[in-house]
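Structure assessment
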Amino acid sequence: MHESNYKRRSAILSRVKVALSNLDPEQIQTQTQAQTSKNKLPEQARSESSLAASFAKNLNQQFLQNMTGNSALCFECQEEEIPALLHKLLVQEKIKSLVLSGQPQVEKIFQQTLNQAQEDTAFSCDFFRFENNLEELKERLFEVAASLEKAHSGLAETGSLVIRSTKETPRSLSLIPPIHIVLLSSKNIYANFETYLSASKLSSRSSLENTLLISGPSKTADIELTLVQGIHGPLKLIVILYNEAKKL
Amino acid sequence: MEKTFTKNVKQALNNPVLRANYRKALDALAEKRKTAFADISLELPARREAAYALRLNSLHKLPELLSQLEQKLNENGIHVHWAQTPQEANQIAESILRQNNAKKIIKGKSMITEEIRLNDYLEEHGFNVIESDLGEFIVQLAGEKPAHIVAPIIYKNKEQVAKLFAEKLNFHGSSAEELTHAARQFLRKEFYSADAGLSGVNFAVAQTGTLCLVENEGNGRFCTTIPPLHIAFMSLEKVVEKFSDVPLLYSMLCRSASGQKITVYFNMISKPRQKDEKDGPQHVHLIILDNNRSTILSDPLLRKTLLCIRCGACMNNCPVYTNIGGHAYDAAIPGPIGKILMPQIAGMEKYGHLATASSLCAACVEVCPVKIPITDILLKLRAQATSLKNLSFKQRLYSGKLAEKIAFMLWAYIFSSPLRYKLFLKMLHAFPALIPLKVRFTPMLRQWTKTRDFPMPR
Amino acid sequence: MNVYLYATCLSDMLNRQIQKSAKTLLEKAGLKVHVLAGATCCGQPAYNAGHRSAAKKVAMQQLSIFKEDWPIILPSASCAAMMKYHYTKLFEDEKDTFEQVLKLKRKVYEWSAFYQSLSPALIDKGAAIKVFCHPSCHGIREMQQHQVAFSLLDSLEHVQLLHLPHEHECCGFGGTFSIKHSSISTAMADRKIDELSKLITSHGLSRLVGADYSCLMHLQGRMQRLGINIEVQHLACFLEQRL
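Predicted model, so just to flag it, every value in this text is computed and none were measured. (Residues numbered from 1 in each chain as written. Chains lettered and ligands numbered in written order. Predicted model: local features only at pLDDT ≥ 70, side-chain atom pairs only at ≥ 80, totals over all residues. Heavy atoms only, no water.)

1. So, the overall build of chain C
The number of helices and strands found in chain C is 13 helices and eight strands. Against the 2.2 N^0.38 benchmark of 18 Å for 243 residues, chain C shows a C-alpha radius of gyration of 18 Å, consistent with a compact globule. Projected onto the principal axes, the alpha-carbon positions of chain C cover approximately 55 × 45 × 25 Å. The buried share of chain C, taken over its 243 residues, is 65%. Within chain C, counting contacts between residues at least 6 apart in sequence, those at least 24 apart form 76% of the total. (Helix = DSSP H or I, 4+ residues; strand = E, 2+ residues; numbered from the N terminus. Rg over C-alpha atoms; globule rule 2.2 N^0.38 Å. Buried < 20%, exposed > 50% of the residue type's maximum accessible area, 1.4 Å probe, protein only. Contact = heavy atoms within 4.5 Å.)

Shown next, in the form of structure tokens:
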């Protein structure tokens, strides 16, 4: 099969090459036009939107507004306030089980949350870390109520989270549990996808990890275009945007 | 076939519920698109121009980009397969599934798998294939075909879906929310136990070897994350050069398709599960399909058919599609883009008639985010179809092509000479009483007077 | 100023009043109008049906009649679009003709847009009336000047211009499309007519006007068959009656 795959590949590519050699003068002209407009026009489109973004006084506010517009439940707080907020949220959303990412910061914050909640005798929340392979955890992952992880970055213009899959933040953490809780540092908010790409050098890297943009809880409008929140992915997305504690 | 099309059209036009469903949904989609572009209306012409240039550039560099994509994907551990025909693509998929011992397959929404009729093929060969996009799931339950490339069940209202769920899933509910959540419950089990996940690809980035998937539901992510094997399908024009090309095209796609600034998920798949990773498929394969696209590329105008990013805006704004619905086309891709794509990938014999089913109103051209000159392409295909070269005498007579050609030759004979033209006008105006008689015996004019009065000369 | 008026075959065959009114109004605005004697048809019917050699044969005849370098005015957006935008495609492979066509392209104007550019005195002598002006697809999407007709009508004191929810939607004519796919074409016309009927009963709409006679002819033919009686007029005829 490998050899025939190679044969099919060569056949297709050579047909494409021959086909494309058929350029008429007008075509060559539009090709160079395409080149120049490619270099110019997206720049223009891009600079206008990033200009707009830089005028928006506060990326955080823009992010929160758009993320809320995308039906995510959003909170803003100081880093030290996260455990208390998280405790409140777990109670409010009646979350009895939680899966944690392997990020040390998430682990630490959740410990603090548990410590704080010690006085709250009615509170209980089972938890486990996503530290084994999916196959071993599958059953628990399909039963757990919520997941907690920290996002890599946020995009203000569209209200999106950027989540990179790593050994600490597995892909299905943001997918299987019905409630997805995400921490995001306000330092990591970019104006939009374009600025994120150029700042993170993602666009010039030759290889990258699986990356996700998440802009709200899963939704569908397949039935009569009626928007329904929560289809296959999480039913609810909770975003906690925090300002990092000043290092002493 | 033209006969099937005529029959389908008749059926659709005589179905008021169907037409009302379409009208309501398409009006809403067209309106959503308009609203989505409102904040950047001044930039829109520049963005369309830029998106067009990006896509055209990708087409011109296809051989390099496809090789680069393959190389990058290989480096990232994703296997690349090449298929010249739908049959080959199906066979490749089958053999990958067999090698991995996969029986139960969960599928994300993908138009290319409709094009190659993958589900039919796999089911005939003993596999269990489950569609997981809500719309496609409903289509599959009903044993029908998707009618729209973005909104597959646009032709159904929720009462029809509720009835279907009651029959097939023994679920009794009526609101869109209840029905949606019932599908969630049902499909979760399938995601859990599937042996393989199949998906399409929206953009494949050559520079980084990344497969981008656009969706709202999360089923695409399930299909490409949970099962141990992921097979992605793409037609060869889906490749783009650089990652920096993606944001513009993605934004144009979202706004044009569903009127969203951004979809819920944008999944950039680069690698199978890595050594230290906890999840993701162990094996990822990409099947790249040609299916006559390399032939389409040889004509500088027709080539532009392949600029398409499958947003569906052309159908949402098409008065023909609105009236007859997606199924009437009997094609994997319906609507204006289908009218130009299907005859070229599946043959003029089968789909040539679609090119005539347009009033050339150009509403599709007006909204196309990548500026495909759909009407110009339709005109070129029509011109190709008038050739009688490869037709037998019987076909010429039977198809009416010969009669049409003669009629236009006669027309050209009269209208290319002012003298003959004047004579013709004189006759027309001298004996208006003869006109009804003439109409009755001219088959072409009879088609007009079936539903309309003939305008009498004044 | 001298201008050519290209009558169009549809006006020649079915409604000569259009060219008469178009001419009269241009003359009133101070132009010397020459109705082109050798003009027949722009070739669009054959071109749209894919019969390019027939279209070329007829189009070539048109190319030979413009002796002077005057603006060419057509009382139809679709014929104007054919000459302005499609002749270049029709003759793309014929170098000499192509040059000729490029020159022609710059001189082609649609009647209502040219008329408005003359800033004519629009003193409305007519009675109060409610009209709908059908914007043709070629007017909207090729010549991109359908607003001109709206603004001409809006400046008439006693004319109230009404609008339809889907007024940018095609009437379903489309040349041979209306014959080859008669049922789809009719369904499209019916959509338009449904909306028009509502305006007739609820708002007292009493006339349908437009700058393209082909669409009007199509809608009129269908309305007559359905027994909906509303007067249909080309924009030029309507204006001439009132000014």
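The rest of the description comes next.
2. Notes on the interface of chain A and chain B
Taken together, the contact pairs 87 residues of chain A with 101 residues of chain B. Between chain A and chain B, roughly 8100 Å² of surface is buried when both sides are summed, and carbon and sulfur atoms account for 59% of that area. Of all residues in chain A, the largest losses of buried area upon contact with chain B belong to Arg171(A), Ile223(A) and His232(A), amounting jointly to 10% of the total for that side. Linking chain A with chain B are seven salt bridges, by the criterion used here. Salt-bridge contacts for Glu224(A) lead to Lys24(B); the nearest nitrogen and oxygen are separated by 3.9 Å. Seen at the junction of chain A and chain B, the total is 38 residue pairs in polar contact (both at pLDDT 80 or more). (Buried area = accessible area lost by both parts, 1.4 Å probe. Salt bridge = Lys/Arg side-chain N within 4 Å of Asp/Glu carboxyl O. Polar contact = N/O pair within 3.5 Å; in protein donor to acceptor, adjacent residues only side chain to side chain.)

3. Here's the deal with empty space enclosed by the protein
On inspection of all chains with the given rule, the structure shows eight cavities of 30 Å³ or more. Glu157(A), Thr158(A), Glu194(A), Pro247(B) and Ser251(B) are the residues nearest the centre of the largest cavity, which is lined by 15 residues in total. Only α7 (193-199) of chain A together with α12 (246-258) of chain B provide two or more residues apiece to the lining of the largest cavity. In terms of residues, the lining of the largest cavity owes the most to one element, α12(B), which gives five residues. Taken together, the residues that form the lining of the largest cavity break down as six nonpolar, four polar and five charged. (1 Å grid on protein atoms, 1.4 Å probe; cavity = no way out; pocket = protein on both sides within 12 Å on 5 of 7 lines; lining within 4 Å. Points joined across faces, edges and corners; volume = space filled by probe spheres on them. Nonpolar A, V, L, I, M, F, W, Y, C, P; charged D, E, K, R; others polar.)

4. A word on the interface of chain B and chain C
At the junction of the two partners, chain B supplies 55 residues and chain C supplies 59 residues. Counting the surface lost from both chain B and chain C, the interface buries some 5000 Å², and carbon and sulfur atoms represent 59% of this. Applying the counting criterion to the chain B and chain C interface returns five salt bridges. A salt bridge links Glu169(C) to Arg23(B); its shortest N-O distance comes to 3.0 Å. At the boundary of chain B with chain C, the tally comes to 30 residue pairs in polar contact (both at pLDDT 80 or more). Of all elements in the fold, only α1 (2-13), α2 (16-38), α15 (319-324), α18 (363-367), α19 (374-385), α21 (401-415), α22 (418-430) and α24 (443-449) of chain B reach the threshold of two or more residues within the side of chain B that touches chain C. Its residues placed into classes, the side of chain B that touches chain C shows 28 nonpolar, 13 polar and 14 charged.

5. Side note on the arrangement of the chains
Across the two pairs of chains in contact, the largest number of contacts is found between chains A and B. There is a clear gap between chain A and chain C: no contact, and 10 Å between their nearest C-alpha atoms.

6. Structural notes on the side chain of Thr210(B)
Mapping Thr210(B) onto the fold places it in strand β6 (residues 210-215). For Thr210(B), a relative accessible area of 0% puts it in the buried group. A distance of 2.8 Å separates the side chain of Thr210(B) from the side chain of Thr208(B), its partner in a polar contact. Discounting residues that sit within four places of it in the chain, Thr210(B) has contacts with Leu208(A), Phe203(B), Ala204(B), Val205(B), Phe243(B), Met268(B), Ile269(B) and Ser270(B).

7. Side note on the confidence of the model for chain A
Residues with a pLDDT of 70 or more make up 82% of chain A, whose mean pLDDT is 87. Considering only residues more than four positions removed or in separate chains, one finds that residues 34-48 of chain A, a stretch of pLDDT under 50, has 22 contacts. (pLDDT = per-residue confidence, 0-100.)

8. Describing the sheet that holds strand β7 (residues 229-235) of chain B
Residues and elements named next belong to chain B. Pairing is parallel in the open sheet, where six strands are placed in the order β1-β10-β7-β4-β2-β3. Unpaired on one side and paired on the other, β1 (78-83) and β3 (128-131) mark the two borders of the sheet. Averaged over all adjacent pairs, the angle separating strand axes in this sheet is 20°, with direction ignored. Examined bridge by bridge, β7 and strand β10 (residues 283-289) share seven bridges and lie parallel to one another. Bridge pairing in β10 places Met 234 opposite Ile 288. Across the sheet, helix α4 (residues 62-76) is in contact with β1, β7 and β10; its angle to β1 comes to roughly 145°. Strands β2 (104-107) and β3 of the sheet are contacted by helix α10 (residues 176-193), whose axis makes an angle of about 120° with β2. (Pairing = 2+ DSSP bridges. Axes fitted to C-alpha atoms, helices over the stretch in contact; angles between N-to-C directions.)

9. Some remarks on helix α13 (residues 235-242) of chain C
Within α13(C), six of the eight residues are buried, which leaves it mostly tucked inside the rest of the structure. Among the residues of α13(C), those classed as buried are Leu235(C), Ala236(C), Cys237(C), Phe238(C), Leu239(C) and Arg242(C).

10. A look at the confidence of the model for chain C
On average, residues of chain C score 96 in pLDDT, and 100% of them reach the 70 mark or higher. Predicted as a complex, the structure gets a pTM of 0.95 and an ipTM equal to 0.96.

11. Quick look at unusual backbone geometry
A positive phi angle, near 60°, is found at Leu360(B), a position not held by glycine. In this fold, Leu360(B) is placed in the loop between α17 (348-351) and α18. Residue classification places Leu360(B) among the buried residues on the basis of a relative accessible area of 9%. Positioned with a positive phi, Gln144(C) is a non-glycine residue whose angle comes to about 50°. Within the secondary structure, Gln144(C) is located in the loop between α8 (137-142) and α9 (146-154). Owing to a relative accessible area of 60%, Gln144(C) belongs among the exposed residues under this scheme.

12. Quick notes on the domain arrangement of chain C
Often the size quoted for an interface is simply the accessible area lost on bringing the parts together. Residue and element names in this part refer to chain C. Per the domain assignment, the segments making up chain C are domain 1 (2-116) and domain 2 (123-242). Averaged C-alpha coordinates put domain 1 and domain 2 at centres separated by 23 Å. With 26 residues of domain 1 at the interface, the matching set in domain 2 holds 22 residues. Carbon and sulfur atoms supply 65% of the area that domain 1 and domain 2 bury against each other, a total of about 2100 Å² over both sides. Counting across the interface, domain 1 meets domain 2 through zero salt bridges. Put simply, domain 1 and domain 2 have eight residue pairs in polar contact (both at pLDDT 80 or more) between them. Elements that contribute at least two residues to the side of domain 1 that touches domain 2 include exactly α1 (9-14), α2 (17-28), α3 (44-49), α5 (77-90) and α7 (111-117). (Domains from an automatic or database assignment.)

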